[in-house]
Amino acid sequence: MTVLVTGATGRAGRHVARILRAGGHPVRAAANEPGATGPWDEAVPFSFTNRGTWDAAFAGVDRMFLMRPPQIGNVKRDMLPALERARQLGVRRVVLLSLQGAERNPVVPHHALEKWLRGSGLEWTFVRPGFFMQNLSTTHAADIRDRDEIVLPAGDGRTSFVDVRDVAAVAALALTEAGHAGRAYTPTGSRALGYGEAAELLTAELGRPIRYVPVGPLRYWRSARGQGMPAGMTLVTLALHTTCRLGLAAGVTTDVRDLLGRPPIGFAQFVHDERAAWLRVPGSVGDRPATATDGRRPTARNGG
Ligand SMILES: NC(=O)c1ccc[n+]([C@@H]2O[C@H](COP(=O)([O-])OP(=O)(O)OC[C@H]3O[C@@H](n4cnc5c(N)ncnc54)[C@H](OP(=O)(O)O)[C@@H]3O)[C@@H](O)[C@H]2O)c1
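Residues numbered from 1 in each chain as written. Predicted model: local features only at pLDDT ≥ 70, side-chain atom pairs only at ≥ 80, totals over all residues. Heavy atoms only, no water.

1. Some thoughts on the domain arrangement of the protein
Worth spelling out the cut-off: What counts as a domain boundary in this text is fixed by an automatic or database domain assignment.
The assigned domain composition of the protein is domain 1 (3-128) and domain 2 (133-161 + 189-250 + 263-302). Centre-to-centre, using C-alpha coordinates, domain 1 lies 26 Å away from domain 2.

Here is the structure:
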């Protein structure tokens, strides 16, 4: 049976599609961007906010990877009508990319999605990851690439970073195996790191010194906005890094090992695999990365 992957051009969705396809499962990519190419069998134009795109996307699928696009804050208005339609058209299993702690935090949009799914009669699984390592190779890549700095309001707090490939592997398992309905998983890395240590690992990989510059909320706000990050996303990232500064983002689980039967991908492996994101092209510093590791440039849409 074909699996519908929403956000298939995004950081998590692209890996979900790749893993499903490698396992022999036909994948239909729901792509906001028309004509998107990637590791899938077919792509259909799709937007949660464009009713005219829903039926073709949902017809003939019984399971779906569901992600909330970062720019959608009002889930009730902008996502639930599409999910109602998906249910009417026969989607039965939904694996939601949620957020660590979403069950305790009614402010985050994932909370409303989880609530709706619990009452929907569908088979649901919540994947609630910690902070993606890949934020450093997308959202925060320019600081490292162009100025050799990680500039964040995270103080000395530690974060239980998770590689998005592990998040995607957990989601793909829940989409294809029996036994995950009604469960919530929190994939994290095997240990929490401070940004000073993250900078040391980047230094070792890139062969040039990268430093961590802890800043206050105001300086972060000005710097992120100055680089074009939308206000809403700047607020969300500020809140996430404040959580880290307060020591609340360091919780580690064994979910990746328990579900995948192998340890989580470590931070050193991540920086090795994604090093192209921080390499400078001679003569074009501040312009563009040498290559984007996952084929995407950091944009306002893929910011977190
Ligand atoms: N970053 C983290 O550390 C972290 C941690 C835990 C949870 N999360 C959650 O993970 C989600 C982000 O996942 P991600 O990083 O994979 O996202 P991403 O890389 O920012 O990708 C966003 C995807 O959403 C698609 N999209 C945008 N607007 C859409 C619309 N109206 N209808 C349908 N699709 C639309 C985009 O398509 P186009 O490319 O065509 O625009 C893209 O494929 C968020 O809900 C976030 O809160 C993130």
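2. Things to note about the pattern of salt bridges
This is how it is decided: The salt bridge criterion pairs a side-chain nitrogen of Lys or Arg with a carboxyl oxygen of Asp or Glu, the two atoms within 4 Å. Think of it this way: any DSSP run of H or I at least four residues long counts as a helix, any run of E at least two long counts as a strand, and we number them from the N terminus. Whether a residue is buried, partly exposed or exposed follows from its accessible area with a 1.4 Å probe, protein chains only, as a fraction of its type maximum: under 20%, in between, or over 50%, in that order.
In total, this model carries 20 salt bridges according to the counting rule given. In this structure, arginine 21 and aspartate 41 form a salt bridge, with 3.2 Å as the shortest nitrogen-oxygen distance. Taken together, the positions of arginine 21 in helix H1 (residues 11-22) and aspartate 41 in the loop between strand E2 (27-31) and strand E3 (42-45) put the pair 20 residues apart, joining distant regions of the chain. On the basis of relative accessibility, which here comes to 38%, the residue arginine 21 falls in the partly exposed class. Arginine 275 is paired through a salt bridge with glutamate 205; the nearest N and O atoms lie 2.7 Å apart. Of this pair, arginine 275 sits in the segment after helix H12 (267-273) while glutamate 205 sits in helix H8 (residues 195-206), and the two are 70 residues apart along the sequence. Under the relative-accessibility criterion, glutamate 205 is labelled buried at 19%.

3. Some remarks on the nonpolar core
Rules: Buried Ala, Val, Leu, Ile, Met, Phe, Trp, Tyr and Cys residues that are joined via side-chain atoms within 4.5 Å together make up what is termed a nonpolar core. The contact definition used throughout considers only heavy atoms, calling two residues in contact when any of these lie within 4.5 Å.
With 32 residues, the main nonpolar core has Ile150, Tyr195, Phe267 and Trp278 as its most contacted residues. Of all the elements in the fold, those that place two or more residues in this core are helix H6 (141-147), strand E7 (149-152), H8, strand E11 (211-214), helix H9 (217-226), helix H10 (231-245) and H12. A total of five residues in this core trace back to one element, the largest contributor, which is H8. Ignoring anything within four residues of it in the chain, the contact list for isoleucine 150 reads Leu136, Ile144, Tyr195, Ala199, Leu202, Ile210, Arg211, Tyr212 and Val213. Ala31, Met67, Val162 and Ala171 belong to the second largest nonpolar core, which has 30 residues in total.

4. Focus on the packing of aromatic side chains
Put simply, the test is: In this scheme Phe, Tyr and Trp rings, the latter by its six-membered ring, pair at centre separations within 6.5 Å, and the angle between planes marks the pair as stacked below 30 degrees, edge-to-face above 60, and tilted otherwise.
Scanning the entire structure with this criterion turns up nine aromatic pairs. Here phenylalanine 46 and phenylalanine 48 contribute two aromatic rings whose centre-to-centre distance is 4.9 Å and whose plane-to-plane angle is 80 degrees, an arrangement assigned as edge-to-face. A residue is classified by how much of its surface remains accessible, and phenylalanine 46, at 5% relative accessible area, is buried. Chaining the aromatic ring pairs together yields one cluster made of Phe131, Phe161, Tyr195, Tyr212, Phe267, Phe270 and Trp278.

5. What to know about the sheet that holds strand E6 (residues 123-127)
The test is simple: At least two bridges found by DSSP between two strands is the condition for calling them paired. Inter-axis angles, ranging from 0 to 180 degrees, are taken between N-to-C directions of lines fitted to C-alpha atoms, where helices are fitted over the stretch in contact.
Strand order in this open sheet of seven strands is E3-E2-E1-E4-E5-E6-E9, and the pairing throughout is parallel. Two strands lie at the open edges of the sheet, namely E3 and strand E9 (183-185), each paired on one side alone. Geometrically, the sheet is characterised by an average inter-axis angle of 20 degrees between neighbouring strands, direction not taken into account. Where E2 meets E3, four bridges bridge the pair, whose relative direction is parallel. Pairing of alanine 30 across the sheet is with valine 44, part of E3. In the packing of helix H5 (residues 109-118) onto the sheet, contacts are made with strand E4 (63-67), strand E5 (93-97) and E6, and the angle to E5 comes to roughly 165 degrees.

6. A look at the pairing of E7
By the alternation rule, side chains of E7 split into Glu149 and Val151 and Ile150 and Leu152, which are all buried. Summarising the sheet, E7 and E11 pair through four bridges and their orientation is parallel. Within E11, the residue paired with glutamate 149 across the bridge is arginine 211.

7. With respect to the packing of H9 against H10
Put simply, the rule is: Crossing handedness follows the turn of the near helix against the far one: under a right angle anticlockwise gives a left-handed crossing, and clockwise gives a right-handed one. Any residue that is not Ala, Val, Leu, Ile, Met, Phe, Trp, Tyr, Cys, Pro, Asp, Glu, Lys or Arg is counted as polar, Gly included; the first ten are nonpolar and the last four charged.
Running from amino to carboxyl end, H9 crosses H10 at an angle of 145 degrees, the nearest separation of the two axes being 10 Å. In terms of crossing hand, the pair formed by H9 and H10 is right-handed. Contacts from Pro217, Tyr220, Trp221, Ala224 and Arg225 of H9 reach H10 at Ala231, Thr234, Leu235, Thr237, Leu238 and His241. Per-class residue counts for the contact of H9 with H10 are seven nonpolar, three polar and one charged.

8. Some details on the side chain of arginine 63
Here is the rule: Between N or O atoms, a polar contact is any pair within 3.5 Å; within protein, one atom must be a potential hydrogen donor and the other a potential acceptor, and residues adjacent in sequence are included only when both atoms are from side chains.
Position of arginine 63 among the secondary structure elements: in strand E4. At 3.1 Å, the side chain of arginine 63 forms a polar contact with the side chain of aspartate 62. For arginine 63, the side chain forms a polar contact with the main-chain oxygen of leucine 175, separated by 2.7 Å.

9. A few points about the environment of histidine 110
For histidine 110, the position within the fold is in helix H5. Put simply, histidine 110 and arginine 128 are 18 residues apart on the chain and 9.3 Å apart in space, counted from C-alpha to C-alpha. Non-local contacts of histidine 110, meaning those with residues more than four positions away in its chain, are made with Arg68, Leu96, Leu97, Ser98, Leu99 and Ala102.

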